[in-house]
Amino acid sequence: MNRGNKILKVENIDKNINNKQILQIRKYSVIKGKFNFIIGANGSGKTSLLNILSMIDNDYQGTIYYKGKIISKKERNCELRRRFSVIWQEPYLYRGNVYHNIALPLKLRGFNKKIIHKKVKNISQKIEIDDLLEQSVYTLSGGERQKVSIARALVTEPEILFVDEATTNLDEESINFFNSHFADLVTEEMTVVMVSHDRRQIKELADRIAYLKKGKILSSQAREEFDFSQLGAGICSSIEEIV
Amino acid sequence: MNYYSEAFREAFNLIITLDRELLNVVATSLRLSTSSTIIASTIAVPMAVIIARKDFSAKKFFNVILNTLLSLPTVVVGIFVYSLISRRGILGEYQLLFSSTGIIMGQTILILPLITALVRNTIFSLDEKLYKTAKSLGATKKQQFKLLIMEARYGIIGAVIAGFGRVLGEIGISMMLGGNIRGVTRTMTTAMALETNKGRFSFALALGIILLILSFTINFLVYFLQEGEHYEQR
């Protein structure tokens, strides 16, 4: 499959929680090898859409395609999910040390200890947390916790990396680290779906931008074509800063 | 006063000299309590996970029943199991009355709600993000369950130890279903009652001291596992 193809597509998605419609999406595609940004105000349904795209949430109506093939509910299993990784806004780290957490997805996939050790060492050096490997996760700062979760997401070399407002709760230094290193950590083959409010990220990383409002996608275009004037106050409203 | 100080002296002497009869009673108690705790935990842990994590119509009712059963008197369990395993009971033909199995059955029923409720509470208190993260890391259903148990392990161990402590100190079930048979169903608590009635106060006192030490150790372990220093970092 060439770069620029649709790797994921959703059609006629309806998601309700307690009889309230959260998402109503007629069509949305994720383009392979690109940084696909999803932006919108708080409560617009960005995380709900990300949960559906990453196949973590299966409780909705609609169709999801992966590489052009319809994926049934039964097929949205861990075998398929193992091709994806998610970096959450507030990462959950499992009891134990940093090494255990980064190695965990590899252990779940049945890699042997030698390969796990090599991969963990490699990714932790890239993210500059190799000195934290033996440390308990309960002693880490917010920025360090997010770095560990980034390492854990990237260690499996996912086909699609989902990022859910990864820098929202971080301090300035950690945001700068994320913004200056993130693009280098993502390989050419990797597709990124990113929910973000960060102007610098949108300016420097976005290839495509989808604008979500009240559960509906109002536009989904290449960054150069995207009309930033449609955004309300608070959501990257300063067009000059972005374009 | 002299009688009591003499009894204490003799009780300590029985403990220090590792009196054979005393050890026999302690061993019987530990054997029965361990068996019932293992059986109850094997049932309680998966049941607690289901109650905590699954949505089913009778969930509220189930939780109310579970909470009510927490304060179940041991004699009530004793009578209930007695009605099942006595000669005229539906399990009468298996001759379980006045046997180790009878006591184990009763003790298992006694601590099943306790362990289930404590494990359920532990799972309730876990961060909801744990489940989403496990899924996103590519865990199978079985691996998700294993991760959940690993995250809740200290709470689960604490619940199991609490259950063990409860059966170790109970008397109603052991007395009604065990019959206090020497070397078979004579537990620390039933032996204490018997020996006190017989006037062998020092022997009962020695068992009381051992029971107290065991209870203290159990409570210390539960505290250490659930609230101890650096709990968060373990």
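Attention in this report is confined to the structure presented alongside it. Owing to the predicted nature of the structure, the values given are computational and were not obtained by experimental measurement.

Let's shift gears to the overall build of chain A. Looking only at helices and strands, one finds eight helices and ten strands in chain A. Radius of gyration (C-alpha) of chain A: 18 Å, near the 18 Å computed for a compact globule of 243 residues. On the principal axes, the C-alpha backbone points of chain A span a range of 45 × 45 × 40 Å. In chain A, 66% of the contacts between residues at least 6 apart in sequence involve partners at least 24 apart. As displayed, chain A has an accessible area near 11,200 Å², and 44% of this comes from carbon and sulfur atoms. Distance from the positive charge centre (38 side chains) to the negative charge centre (30 side chains) of chain A: 8 Å.

It is worth spelling out the packing of aromatic side chains at this point. Enumeration over the complete set of coordinates arrives at nine aromatic pairs over all chains. Between A:Tyr92 and A:Tyr94 the ring centres are 5.1 Å apart and the planes differ by 80°, which places this aromatic pair in the edge-to-face class. Each member of the pair, A:Tyr92 together with A:Tyr94, is buried. When the ring of B:Tyr3 is compared with that of B:Phe201, the centres are 6.0 Å apart and the planes differ by 20°; the resulting orientation is stacked. Here the residue B:Tyr3 occupies a position in helix 1 (residues 2–16), and B:Phe201 occupies one in helix 11 (residues 201–227), the gap between them amounting to 198 residues. Owing to a relative accessible area of 22%, B:Phe201 belongs among the partly exposed residues under this scheme. Put simply, the rings of A:Phe35, A:Phe178 and A:Phe182 pair up and form one aromatic cluster. A cation sits over an aromatic face here: B:Arg53 above B:Tyr131, 3.3 Å from the ring centre.

All names here are of chain A. It is at 7 Å that the axes of helix 3 (residues 98–108) and helix 5 (residues 142–154) come closest, and there the two elements cross at 30°. On the basis of the axis angle, helix 3 is roughly parallel to helix 5. For the crossing formed where helix 3 meets helix 5, the hand is right-handed. Residues Val98, Asn101, Ile102 and Pro105 of helix 3 form the contact with helix 5, whose participating residues are Val148, Ala151 and Arg152. Residues that form the contact of helix 3 with helix 5 fall into these classes: five nonpolar, one polar and one charged.

Counting residues in each nonpolar core, the largest one holds 44 residues, and the members touching the most others are A:Ile102, A:Ile127, A:Leu161, A:Val163, A:Phe182 and A:Met194. In contact with A:Val163, not counting residues within four places along its chain, are A:Leu50, A:Ile87, A:Phe178, A:Phe182, A:Val192, A:Val193, A:Met194 and A:Val195. Grouped together as the second largest cluster of nonpolar side chains are 37 residues, A:Tyr94, B:Leu84, B:Leu97 and B:Ile111 included.

We now examine the interface of chain B and chain A. Across the contact, 22 residues belong to chain B and 24 residues belong to chain A. A combined buried area of about 2,200 Å² lies between chain B and chain A, and 54% of that area is made up of carbon and sulfur atoms. For the pair chain B and chain A, the interface holds one salt bridge. Ionic pairing is found between B:Lys129 and A:Glu90, a salt bridge with its closest N-O pair at 3.6 Å. The interface formed by chain B and chain A holds ten residue pairs in polar contact (both at pLDDT 80 or more) in total. Looking at the side of chain B that touches chain A, the elements that each hand over two or more residues are helix 6 (129–136), helix 7 (141–151) and helix 8 (153–169) of chain B.

We now examine the side chain of B:Arg120. Within the secondary structure, B:Arg120 is located in helix 5 (residues 100–124). Of note is the side chain of B:Arg120, whose polar atom sits 3.0 Å from the side chain of B:Asn67.

Right, let's talk about the side chain of B:Arg186 for a bit. All names here are of chain B. For Arg186, the location among the structural elements is in the loop between helix 9 (172–178) and helix 10 (188–198). One buried charged residue, Arg186, forms no salt bridge at all, with the nearest opposite charge on Glu195 at 4.2 Å. Side-chain polar atoms of Arg186 contact the backbone oxygen of Asn180, separated by 3.2 Å. Those residues in contact with Arg186, other than ones at most four positions away along the chain, are Val25, Thr28, Asn180, Ile181, Ala191, Leu194 and Glu195.

Before going further, it helps to examine the sheet that holds strand 8 (residues 191–195) of chain A. Residues and elements named next belong to chain A. The six strands lie next to each other as 6-7-8-3-9-10, forming an open sheet whose pairing is mixed. The sheet is open, and its two borders are formed by strand 6 (84–87) and strand 10 (216–222), each paired with just one other strand. Strand-to-strand twist in this sheet, taken as the mean axis angle between neighbours without regard to direction, amounts to 15°. Bridge count for strand 7 (residues 160–164) against strand 8 is five bridges, and the pairing is parallel. Residue pairing in the sheet places Asp164 in a bridge with Val195 of strand 8. Against the sheet, helix 1 (residues 46–53) engages strand 3 (35–39), strand 6, strand 7, strand 8, strand 9 (208–213) and strand 10, with an angle of about 160° to strand 7.

This part is about helix 4 (residues 113–126) of chain A. Residue and element names in this part refer to chain A. With 14 residues, helix 4 extends 20 Å from end C-alpha to end C-alpha; this agrees with the ideal 20 Å at 1.5 Å per step. Every buried residue of helix 4 is accounted for by Ile116, Val120, Ile123 and Ser124. When helix 4 is viewed along its axis, its buried side chains cluster within an angular range of 100° and face the same direction. With respect to the buried face of helix 4, the exposed residues turned more than 90 degrees away are Lys114 and Lys118. Each element contacted by the buried residues of helix 4 is listed here: helix 3 and helix 5. If you check the start of helix 4, you find a side-chain oxygen 3.1 Å away from the backbone N of Lys114, and it comes from Asn112. Residue Glu128 follows helix 4 closely and has a positive phi angle near 60°.

The rules behind each value
- Residues numbered from 1 in each chain as written.
- Chains lettered and ligands numbered in written order.
- Predicted model: local features only at pLDDT ≥ 70, side-chain atom pairs only at ≥ 80, totals over all residues.
- Heavy atoms only, no water.
- Helix = DSSP H or I, 4+ residues; strand = E, 2+ residues; numbered from the N terminus.
- Rg over C-alpha atoms; globule rule 2.2 N^0.38 Å.
- Contact = heavy atoms within 4.5 Å.
- Areas by Shrake-Rupley, 256 points an atom, 1.4 Å probe, with all protein chains shown as cover.
- Lys, Arg positive; Asp, Glu negative; His and termini not counted.
- Charge placed at Lys NZ, Arg CZ, Asp CG, Glu CD.
- Phe/Tyr/Trp six-rings, centres within 6.5 Å; stacked < 30°, edge-to-face > 60°.
- Buried < 20%, exposed > 50% of the residue type's maximum accessible area, 1.4 Å probe, protein only.
- Lys NZ or Arg CZ within 6 Å of the ring centre and 35° of its normal.
- Axes fitted to C-alpha atoms, helices over the stretch in contact; angles between N-to-C directions.
- Parallel < 35°, antiparallel > 145°, perpendicular 65-115°, else oblique.
- Left-handed = near helix turned anticlockwise from the far one by under 90°.
- Nonpolar A, V, L, I, M, F, W, Y, C, P; charged D, E, K, R; others polar.
- Core = buried A, V, L, I, M, F, W, Y, C linked by side-chain atoms within 4.5 Å.
- Buried area = accessible area lost by both parts, 1.4 Å probe.
- Salt bridge = Lys/Arg side-chain N within 4 Å of Asp/Glu carboxyl O.
- Polar contact = N/O pair within 3.5 Å; in protein donor to acceptor, adjacent residues only side chain to side chain.
- Pairing = 2+ DSSP bridges.
- Expected span 1.5 Å × (residues − 1).
- Arc of directions from axis to C-beta.

Just distances and angles here, no functional claims.
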